[in-house]
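As a plain string of letters, each chain reads:
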Amino acid sequence: MRKLLFLITSLCLLAAHMPSQAQDEPILVRMVRAVPFAELSGDATIGYIDYAALQEALPNSVRPMSLQEFQELREANSSASEWYHNGLSATSVGQFDLQFADPQTVGFDFYSVDRVLLFAAEQTAGRLYAGRFERAAVRSAFLARAYSVRERDSLLILCGDPACDAELARRESPAERNSGNPFGGSFGRREPVALGEGVILSSPDMATFEAMITAYNGGAPSLLQNDAMRALLTVLNVEGTAVQALFFSADRLGTAEQGIPRYELAALIHLLQPDGTQPNYIALVYTDENDAKAAAAALPERMAQHQVKSQLITETPRPFLESLAERKGSLAPVRLVALDRFAQLEVRYALLVPFESPAPRDIPQNVTAERPAPLLVFRLLSDALFEGDLGFLAVSR
């Protein structure tokens with residue numbers, strides 16, 4: 001076993017260059033820019049899902065482009081559409097209320113949304129949607145609910161009252177509960193919304209909402225200014241397309257008597273690569289090379305010894321690697337990605353812990369029973385994160 005662990009810990013130093021500023025920056029970068037704080041700390045998390053990439057990760061599946069198309073495919077008993085929705089039901093990131101978005105209420109439906117980014121920190125939360133939104137339809141739907149409208153910095157600002165009152169944005173009104181409104185409708189809230197070209201920003205907290213608009217338009221603070229986040233996004237851009245991702249800090253998992261060296265940022269990532277493979281990664285960002293190498297050397301054995309205890313994951317405690325194997329996942333050799341010095345980043349290394357699993361190749365015969373292994377592996381990691389069951393990532397006291 002120790003020989004196997006030694007082989008697993010073999011490090012692969014790769015050179016990764018910061019790409020030159022492109023006219024069309026990756027959508028994930030564009031969305032992270034609107035997260036209005038300088039770093040992740042405490043219990044703060046960021047969740048991201050790309051529904052278009054999910055469709056590509058499920059070969060020969062069909063993703064409806066509108067609610068009407070979904071209804072037509074359902075009436076036609078389309079196995080290709082059912083295959084996509086089966087994969088959708090196995091995802092771990094997203095907003096439940098968004099699936100019931102009513103075009104008459106908000107001017108768009110769930111299938112108009114291509115990507116979602118959600119963040120939560122210090123009792124504030126925000127959401128960003130990227131998709132195919134008709135400006136006039138969104139505007140009309142909110143005006144019909146007595147929202148005020150104004151233009152600001154190329155954004156259409158929609159508020160529950162002309163003054164964009166902060167108290168009103170958080171106030172819950174049972175009489176106004178509406179499941180078709182993903183912007184606080186389940187609580188009867190009148191949350192503000194900012195509509196841009198192919199993007200929607202919103203938060204129930206007016207200060208957070210204003211900060212999101214400022215950050216989105218290039219102001220500060222913005223998480224995109226954080227070296228650790230920029231380093232991780234650079235590595236992701238090289239590795240493939242993120243289908244799902246969760247970003248968090250070392251604070252989320254606490255400390256241990258014999259933990260690993262403290263990292264600047266962490267992420268769980270389900271990637272789609274050009275050849276169709278779909279690895280899941282635990283990614284840790286480090287400034288110091290020795291710390292990164294020490295963590296890389298320690299993690300495989302720590303994972304081999306870790307017992308999963310959460311009842312959300314397993315009925316009885318069992319080894320983490322056993323739970324991984326149950327989902328057709330396996331641990332691959334740890335990799336250390338070195339960022340070039342010219343990138344002018346304080347953060348220099350991204351430690352990638354890859355988990356391999358067989359990617360689906362076609363529509364299965366029994367569509368409703370199939371759960372793609374890469375999605376199950378990501379679900380294991382995400383459930384373990386939120387249940388406090390990723391103890392092998394705890395840092396030293």
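*Asks:* Give a detailed account of unusual backbone geometry, specifying residues and quantitative values.
*Replies:* Ala220 connects to Pro221 through a cis peptide bond whose omega is -5 degrees. Looking at the secondary structure, you find Pro221 in the loop between helix H9 (206-216) and helix H10 (227-239). In this structure, Ala146 is a non-glycine residue whose phi angle is positive, near 65 degrees. Locating Ala146 in the fold gives a position in the loop between helix H7 (135-143) and strand E5 (148-152). Taking relative accessible area as the criterion, Ala146 reaches 57% and is therefore assigned exposed. Non-glycine residue Asp153 carries a positive phi angle of around 50 degrees.

*Asks:* Lay out helix H11 (residues 289-305) with the relevant residues and their values.
*Replies:* With 17 residues, H11 extends 25 Å between its outermost C-alpha atoms, agreeing within 8% with the 24 Å of an ideal straight helix rising 1.5 Å per residue. Where H11 bends most, at Leu299, the angle is about 35 degrees, and the proline Pro300 comes one to four residues later. With a side-chain oxygen lying 3.0 Å from the backbone nitrogen of Asn290, the N-terminal cap of H11 falls on Asp288.

*Asks:* Describe the pattern of salt bridges, with residues and values.
*Replies:* As enumerated under the stated definition, the model contains 20 salt bridges in all. Put simply, Arg115 and Asp50 hold a salt bridge, and the shortest N to O gap is 3.0 Å. Separated by 65 residues along the polypeptide, Arg115 in strand E3 (residues 113-121) and Asp50 in strand E2 (residues 45-50) bring together distant segments of the chain. The class for Asp50 is buried, based on a relative accessible area of 4%.

Cut-offs and rules
- Residues numbered from 1 in each chain as written.
- Predicted model: local features only at pLDDT ≥ 70, side-chain atom pairs only at ≥ 80, totals over all residues.
- Heavy atoms only, no water.
- Helix = DSSP H or I, 4+ residues; strand = E, 2+ residues; numbered from the N terminus.
- Buried < 20%, exposed > 50% of the residue type's maximum accessible area, 1.4 Å probe, protein only.
- Expected span 1.5 Å × (residues − 1).
- Bend = angle between axes of the 7 residues up to and from the residue.
- Polar contact = N/O pair within 3.5 Å; in protein donor to acceptor, adjacent residues only side chain to side chain.
- Salt bridge = Lys/Arg side-chain N within 4 Å of Asp/Glu carboxyl O.

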